[in-house]
Every structure is written in C-alpha cells, then in structure tokens.
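Chain residues, written in single-letter form:
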Amino acid sequence: MLPNIRRFALSLTGHVADADDLLQSTVERLLERGLPDDVDVTAWSLRVCRNLWIDEMRSRKVRRDAQREPAVIGEQVLPGEEQVLGEMTLEEVQQALFSLSEDQRAVLELVAIEGHSYKEAAAILEVPIGTVMSRLARARTALIEKSGIAAGG
Amino acid sequence: MNMRHENDDSKLSAFIDGELDERETEALTARLADEPALRARLEAMRAADEATRKVFATLDERPLPQGVMDLLGASAAAPGGDNVVAFPQRGIRRFFQAPVAIAASVALVAGFLVSRQLEQVPDAGLDAGLVTAGVVDADSALHGLLETGSSGEERPLGADARGRVLLTVADASGDYCRQFVVEGAGRAAHAVACRRAGDWELEAVGFAPAAAPGTFQQAAGPVPPAVDATVDAITGGSDPLSLEEENRVISESWEKSAR
C-alpha cells in the first residue's frame, strides 16, 4: 500500500520531495486515527492523502506553482538518457505528465496505474463518475499532444 | 479539436479502461476495424498510459523515505529479506508493516493491496475478485486454480489473464504452499499462497518488472527474488511435491501432510 499512496501523492504534488512528505503525513494520520470499520482500506487511505494535500494547499495558499517546474523524479535511477519511449525520452514524458493539471494526473494515476474503476476513482476523488471519465480522456489527449506521441487521426 | 473528436477520445479512453457497456464496446470495436485513424488514436492513448506508468515506476525504485520507515518502526534495511512483506496480524499497522523496501524491479505489498496489484495485472482487471486481506476469495477463479490446478496447467483468470501454478511444497507445519504466476496484458505477478485452515493465504507477491528499461512486453519474466526467497523460507530446502504427490493431495482436498 505504501507504494500506492506514494504514487498517488506524487500525482497530486508533482514533486518527489512533496510526495514523500505527503506520504509521511498520510501514514501518520492513518496510524493516529485508525480506520473506520468496513471501509475499503486503499480508497480510504487515498482519500486521507488527498484531504491532507488539500489542507496543505489551503494553508500554503499556493496552487499550481509546483507545476511550473518539471518534477525531478527518477534521475538517479533511470539508466540514462537513451531511455526512450517511442520517439520520446522518459524525461520528456515526465515533463508532459507534470504539466498536466493535478486533477488530471490524479485520475490518470488512479485508473491507468492503480487499476481502479471509474466508480472507485470517483469515490476517492469525490467527484461524479462522468467527471472521472472526461478528465481521463482529457489527461490522455493532453499527454499525447504535449509529449508528441503520434496522435493518429 | 472538434466535438466529434472529443467524443471519440472519451469513448476510446473509457474503452481502454473497460468502462464502456457492451453495446458501446461493440459499436466502437466495429468502428476501430474500419477506421485506421481511430485505431491510431487508441494506440496513442495506450502509449500515453505506458509512458505514464514508466514515469511512476521510477518512483517505486527509490527507497521509501526514512521518516515513514521510522513511523512504522521499521528499518528499510531490516533483516529478513530485501522486499518481503510478511502479512501481519491486526490494525492499520499490518497494512504497512515492515520489513519493507523496494527493490529495483520489484514492489512488494501486503494484505489487501495484493488484490489491487494483482487486479492490475491484466488491463481488463481480474474481475475474479481475488483477495481480501491476504486471503484468496473462495469464489474466485484464482482460488479454483490453487485448489484444483496441477502445476504447469494454465487456466484463464478473468477475461484477460491466465494463471499457472509453478510448484507445490509443504512448509514446516505441514501446510501446503503453492507458488504461482498470474499473467495478463504484458504484466506478470508472481506469488506464494499457503493453505491455512481451509483458506489460501497469500504469503508474498512480486511483480515482473513491468517498467524494465525499454520493455513492457515480458510474459512471465523472471521470478522476483522476494518470491523466491519466500519459497525457500517455506520449504526449508526440501523438494517440491512431484506431480503425482500433488495430484494425490489435491484429490484429498489438501489434507495436511505429516511432515
């Protein structure tokens, strides 16, 4: 579960350091308050994570500034610049990904990476299913356009 | 981008996630057969997903922050295996409990998350309802495989995934454990489950490197070291059951061995 929360945190924060801080606060909160009975633990944890992030954003009164700079993740672990995906380097994909809105990234992470259904993602993000659906489509198309993946038609 | 395209994008996106209903799926697949541009768009979307996975996978390769490990009373370098997560007993802590570390190509997870991760294996999701809190759901296809499948026999698990038992061993207490692999959509999960008091409990799960440099297409791939280590720990060096022994045990509904 830690990796799940961490990835979700990264999708929200767009920065590894912030994501790890957020992960830590989330674990702290979960240990402190425990879990209600009969909840889906993953969904609950991710909701806690998201709420903490929203609180954090409010208290900082800073929105979106993190997204101006590309996140630096994986620099030490990537096997090098030759790492390419189709026509792109991983670096470029990363930049494209972190230029998406936090909402788009979060939904993409939950569905495309964690494998949540639209219904589950809607519950975690507390938005209607239709919103999940349209955000995902927009996230994917934005990613295609920004990263130069051959867009076909 | 005009309306028609936006609508198509939304359909394609939901198609990738298996969220279209039958009628919509049918209509879209018919169009896909006829429209190369639409197919290309679908491929581009899938490529975007793969690219996203790859970026996030780099995160998994970084060690977890020390602060988190401290909170959980664990050291990232705890003895007992690099990335084996034991299934602990009670409370929220069990969902995190260490030793936890993320190896370069393997992320190991405990308890219920196993279900998430296993479900993630095939794109379509294993709707078999796999596991809750480390126990394989008795109604799931995976349970059927573990209960009655012979080693080497491949069975479908859900729409897009296949499962195969690799070997069966008895642990020190005489409980039987089975190492198995679930493959689907280019990803593979390796796991060990032991039959304890009638339930198949997952002991360890590892994932074939879905984000290995430059590739996404491996089938079963190498067995993650963590899963290997768990099997070794369980068997204590004794040999796996022969097919004959296995068949006997299956026919006796996993009556405990006298070992």
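Residues numbered from 1 in each chain as written. Chains lettered and ligands numbered in written order. Predicted model: local features only at pLDDT ≥ 70, side-chain atom pairs only at ≥ 80, totals over all residues. Heavy atoms only, no water.

**Examining the confidence of the model for chain B**
Residue and element names in this part refer to chain B.
1) Next: Chain-level statistics for chain B give a pLDDT mean of 68 and a share of 59% at 70 or above.
2) Next: With pLDDT under 50 throughout, residues 74–133 is counted as low confidence; its partners more than four residues away or in other chains account for 157 contacts.
3) Next: In this model, residues 209–220 is a region of pLDDT below 50 whose contacts with residues beyond four sequence positions or in other chains number 30 contacts.
4) Next: Reported confidences for the modelled complex are a pTM of 0.51 and an ipTM of 0.75. (pLDDT = per-residue confidence, 0-100. Contact = heavy atoms within 4.5 Å.)

**Considerations on the packing of helix α7 (residues 129–147) of chain A against helix α3 (residues 36–60) of chain B**
1) Next: Axis separation between α7 of chain A and α3 of chain B bottoms out at 9 Å; the angle between their running directions is 90 degrees. By the angle between their directions, the pair α7 of chain A and α3 of chain B is classed as roughly perpendicular. Contacts between α7 of chain A and α3 of chain B involve R140, T141, L143, I144 and E145 of chain A from the former and R41, A44, M45, A48, D49 and T52 of chain B from the latter.
2) Next: For the contact of α7 of chain A with α3 of chain B, the per-class residue count stands at 5 nonpolar, 2 polar and 4 charged. (Axes fitted to C-alpha atoms, helices over the stretch in contact; angles between N-to-C directions. Helix = DSSP H or I, 4+ residues; strand = E, 2+ residues; numbered from the N terminus. Parallel < 35°, antiparallel > 145°, perpendicular 65-115°, else oblique. Nonpolar A, V, L, I, M, F, W, Y, C, P; charged D, E, K, R; others polar.)

**Observations concerning the environment of D21 of chain B**
1) Next: Looking at the secondary structure, you find D21 of chain B in the loop between α1 (3–16) and α2 (22–34).
2) Next: A polar contact is formed between the side chain of D21 of chain B and the backbone nitrogen of E24 of chain B, at a distance of 2.8 Å. (Polar contact = N/O pair within 3.5 Å; in protein donor to acceptor, adjacent residues only side chain to side chain.)

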